[in-house]
Amino acid sequence: MAAGATGYADILRAPHAARLLSGTLVGRLPNATAPVAIVLFTRAEGGSYSLAGGLAAVYGIATAIGQPLLGRAVDLHGQPRVQFPAAVVSALGMVLLAAAGIGALPVAYAAAAVAGVFTPPLEGGLRALWPSVLGGEDRVHRAYAMDAVAQEIMFTVGPLLVTLLVSLWSAGAALLVINVIGVLGALSVVLSEPSRGWRSAPREAHWLGALRSPGLLALLGAFFFVGLALGSITVAGVAYADDQGRESVYGWLMAALGLGALIGGVAYGARQWAGAPERRLRVIVGLLALGYLPLALTPGVVAMTALAAVSGLFLAPAIACAFIVVDRHAPSGTVTEAFSWLVTTFGVGAAAGTAVAGPAVELGGTAWSFAVAGAGGIAALLVLTGTQRVLAVPGRSKDIAGSSENDRNGAAEPGFSSGREA
């Protein structure tokens, strides 16, 4: 563990690394907290769980549509021209939702859709920047793990921040404050030297872009169900808190989930792993599914908080390992788009999870909505198991070029894409 901490510190000492990581995390805060913020806002306005789940689902689906399109635009035109304008428009969509409320449902749904479509692909952008900032495959892979750990800190702090803003001010104010913070984070990223100077590697013109990779498609199919599991927990956690008669219980459940993922992510990044990451990912997702199943028991608050922490242990490792698999299977010149497709698929799954969990609460109670999470984890494992032959194909075939043609200075190791044109 000490070696892992030393490795993280080495990464953060690299020029621009701390700024890029912190700016990306802050910039992604609106997207990370949107499901809970929308659910709490809708409930505060007197809306039902189904309406709350519907609005959150529209946001998630719109984000899923926008991410790969904006990711491809970043690959073609660079980060500053796309990331910051998108962040501003997305924030304006949330401002419209907060101002209009749920009295006029078409306006509310349109506002959620605008906010989702224009969510900037900061997550994919950061992973595209790591090779040019750090160099060396081992350092970049450790940065992926650190990124996942930092993400879980955000997912721990984010829900607590939203619930704090709701309790101190209002649900509408929470939407506004979170999105202003997000715009400032995006601005910090795009003004940095690596972001301004980054250019995608040469790419083969193809209408499918990153999706022409069979291995990437297999991974996306699995992470749809991982997203479904996590999205269902968003609604299920609110329902559980209502059952307990304490709104703060939701924040603690989400914080426990994030803490578990934080611990798991730190442990995962503290060592170097041998063997193919595709095989390792199957094991991690299997353990993730196993952790989700007991949530359907819905015991008392203390035990439920402990179960939430256990269920999160393998989330960050799964995400970090998925980053490596994406890099191995993404066609040359599509790195931001490929990472954005992972975010998209995860978002579609999360939207489906919130949409399914809302009616599940009303039809069968809170336990049913938590059962959706367990089912999602099992489905993700089945997809990875069923596509293991496709995923076993070496990531860089003749149309999925290695780094040698894109990294003339040798900053990245052979077989690793730098994503930066020399």
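Reading the values: rules and limits
- Residues numbered from 1 in each chain as written.
- Predicted model: local features only at pLDDT ≥ 70, side-chain atom pairs only at ≥ 80, totals over all residues.
- Heavy atoms only, no water.
- Helix = DSSP H or I, 4+ residues; strand = E, 2+ residues; numbered from the N terminus.
- Contact = heavy atoms within 4.5 Å.
- Areas by Shrake-Rupley, 256 points an atom, 1.4 Å probe, with all protein chains shown as cover.
- Core = buried A, V, L, I, M, F, W, Y, C linked by side-chain atoms within 4.5 Å.
- Buried < 20%, exposed > 50% of the residue type's maximum accessible area, 1.4 Å probe, protein only.
- Phe/Tyr/Trp six-rings, centres within 6.5 Å; stacked < 30°, edge-to-face > 60°.
- Axes fitted to C-alpha atoms, helices over the stretch in contact; angles between N-to-C directions.
- Parallel < 35°, antiparallel > 145°, perpendicular 65-115°, else oblique.
- Nonpolar A, V, L, I, M, F, W, Y, C, P; charged D, E, K, R; others polar.
- 1 Å grid on protein atoms, 1.4 Å probe; cavity = no way out; pocket = protein on both sides within 12 Å on 5 of 7 lines; lining within 4 Å.
- Points joined across faces, edges and corners; volume = space filled by probe spheres on them.
- Salt bridge = Lys/Arg side-chain N within 4 Å of Asp/Glu carboxyl O.
- Left-handed = near helix turned anticlockwise from the far one by under 90°.
- Patch = residues over 30% accessible without salt bridge, like charges linked within 9 Å, V, L, I, M, F, W, Y side chains within 5 Å.
- Polar contact = N/O pair within 3.5 Å; in protein donor to acceptor, adjacent residues only side chain to side chain.
- pLDDT = per-residue confidence, 0-100.

Engineer: What should I look at first to understand the overall build of the chain in this one?
Structural biologist: Helix and strand counts for the chain come out as 18 helices and zero strands. Residue pairs at least 24 apart in sequence account for 83% of intrachain contacts in the chain once pairs closer than 6 positions are excluded. Put simply, the chain shows about 15700 Å² of open surface, and 68% of that area lies on carbon and sulfur atoms.

Engineer: Any chance you could explain the nonpolar core here in plain terms?
Structural biologist: Proteins that are soluble and globular tend to have nonpolar side chains buried together. Counting residues in hydrophobic clusters, the biggest one holds 115 residues, and the most contacted among them are Trp-130, Phe-223, Leu-281 and Tyr-292. Residue contributions to this core peak at 14 residues, all from helix α11 (residues 214-244). The residues contacting Phe-223, other than those within four sequence positions of it, are Leu-281, Ala-318, Ala-322, Leu-342, Thr-345 and Phe-346.

Engineer: Honestly, the packing of aromatic side chains in this entry has me stumped. Any pointers?
Structural biologist: Two measures describe an aromatic ring pair: the distance that separates the ring centres and the angle between the ring planes. Applying the stated criterion across every chain yields a total of five aromatic pairs. Linked through ring pairs, Tyr-144, Phe-323 and Phe-339 together constitute an aromatic cluster.

Engineer: What exactly am I supposed to notice about the packing of helix α4 (residues 49-77) against helix α16 (residues 335-364) here?
Structural biologist: Packed helices, taken two at a time, are described by the angle between their axes plus the distance between the axes. In contact at an axis separation of 8 Å, α4 and α16 are set at 175° when each is read in the N-to-C sense. One element, α4, and the other, α16, form an angle in the roughly antiparallel class. Each residue belonging to the contact of α4 with α16 can be placed in one class, and the counts come to 13 nonpolar, 11 polar and four charged.

Engineer: What am I meant to see in empty space enclosed by the protein here?
Structural biologist: A probe matching the size of a water molecule, rolled over the atoms, marks out where space remains unfilled. Scanning the model with the defined rule gives four cavities of 30 Å³ or more in all. Each pocket or cavity is described by its volume, and for the second largest cavity that value is around 210 Å³. If you go around the second largest cavity, you meet 26 residues; those closest to its centre are Gly-27, Pro-30, Asn-31, Ser-90 and Thr-119. At the level of elements, α3 (29-44), α4, α5 (80-100), α7 (122-134) and α9 (171-190) are the ones that each hand at least two residues to the lining of the second largest cavity. Take the lining of the second largest cavity: its biggest share by element is seven residues, from α9. Within the lining of the second largest cavity, the residues separate by chemical class into 16 nonpolar, eight polar and two charged.

Engineer: How do you make sense of the pattern of salt bridges when you look at a structure like this?
Structural biologist: For side chains bearing opposite charge, pairing can occur when the charged atoms are close. Enumeration according to the criterion identifies six salt bridges in this entry. Between Glu-278 and Arg-328 there is a salt bridge; the shortest N-O distance is 2.9 Å. Separated by 50 residues along the polypeptide, Glu-278 in helix α13 (residues 277-292) and Arg-328 in helix α15 (residues 315-329) bring together distant segments of the chain. Using a relative accessible area of 5% as the deciding quantity, one classes Glu-278 as buried. Here the salt bridges do not stand alone but share partners, grouping Arg-28, Glu-123, Arg-127 and Asp-147 into one network.

Engineer: Before we go on, may I ask you to explain the environment of Gly-47 in this structure?
Structural biologist: Positionally, Gly-47 belongs in the loop between α3 and α4. If sequence neighbours within four positions are ignored, Gly-47 has contacts with Thr-42 and Ile-102.

Engineer: What exactly am I supposed to notice about the packing of α3 against α5 here?
Structural biologist: Closest axis-to-axis distance for the α3/α5 pair is 11 Å, and the angle between their directions is 15°. Considering the angle they form, α3 stands roughly parallel to α5. As α3 runs across α5, the sense of the crossing is left-handed. The residues of α5 that touch α3, namely those facing Ala-34, Ile-38 and Phe-41, are Met-94, Leu-97 and Ala-98.

Engineer: Any chance you could explain a nonpolar patch on the surface here in plain terms?
Structural biologist: On the surface, Val-283, Leu-287, Leu-290, Leu-293, Ile-378 and Leu-382 cluster together into a nonpolar patch covering about 550 Å² of accessible area. Looking at the nonpolar patch, the elements with two or more residues in it are α13 and α17 (366-386). When residues in the nonpolar patch are grouped by element, the largest group, three residues, is from α13. With a relative accessible area of 34%, Leu-287 lands in the partly exposed category.

Engineer: Explain the side chain of Gln-83 here, please?
Structural biologist: Mapped onto the secondary structure, Gln-83 falls in helix α5. Here the side chain of Gln-83 touches Pro-121 through a polar contact of 3.3 Å, landing on its backbone oxygen.

Engineer: When you look at the confidence of the model for the chain in this model, what are you seeing that I'm missing?
Structural biologist: Parts of the model with low pLDDT should not have their predicted coordinates read in detail. Summing up the model confidence of the chain, the mean pLDDT is 83 and the portion of residues at 70 or higher is 88%. Note on residues 395-422: pLDDT is under 50 here. Beyond four places in sequence and across chains, it has 74 contacts.

Engineer: I'm lost on unusual backbone geometry in this one. Help?
Structural biologist: If a residue is not glycine, its phi is most likely negative; likewise, a peptide bond is most likely trans. Here the phi dihedral of His-16 falls at roughly 75°; this positive angle occurs in a residue that is not glycine. Mapped onto the fold, His-16 is located in the loop between α1 (2-13) and α2 (17-27). With a phi close to 40°, Thr-298 is a non-glycine residue in the positive phi region.

Engineer: Can you help me understand the environment of Gln-79 in this one?
Structural biologist: Here Gln-79 is to be found in the loop between α4 and α5. A relative accessible area of 1% means that Gln-79 is categorised as buried. Distance in space between the C-alpha atoms of Gln-79 and Val-189 is 9.0 Å, their sequence separation being 110 residues. A distance of 3.2 Å separates a polar side-chain atom of Gln-79 from the backbone oxygen of Gly-125.

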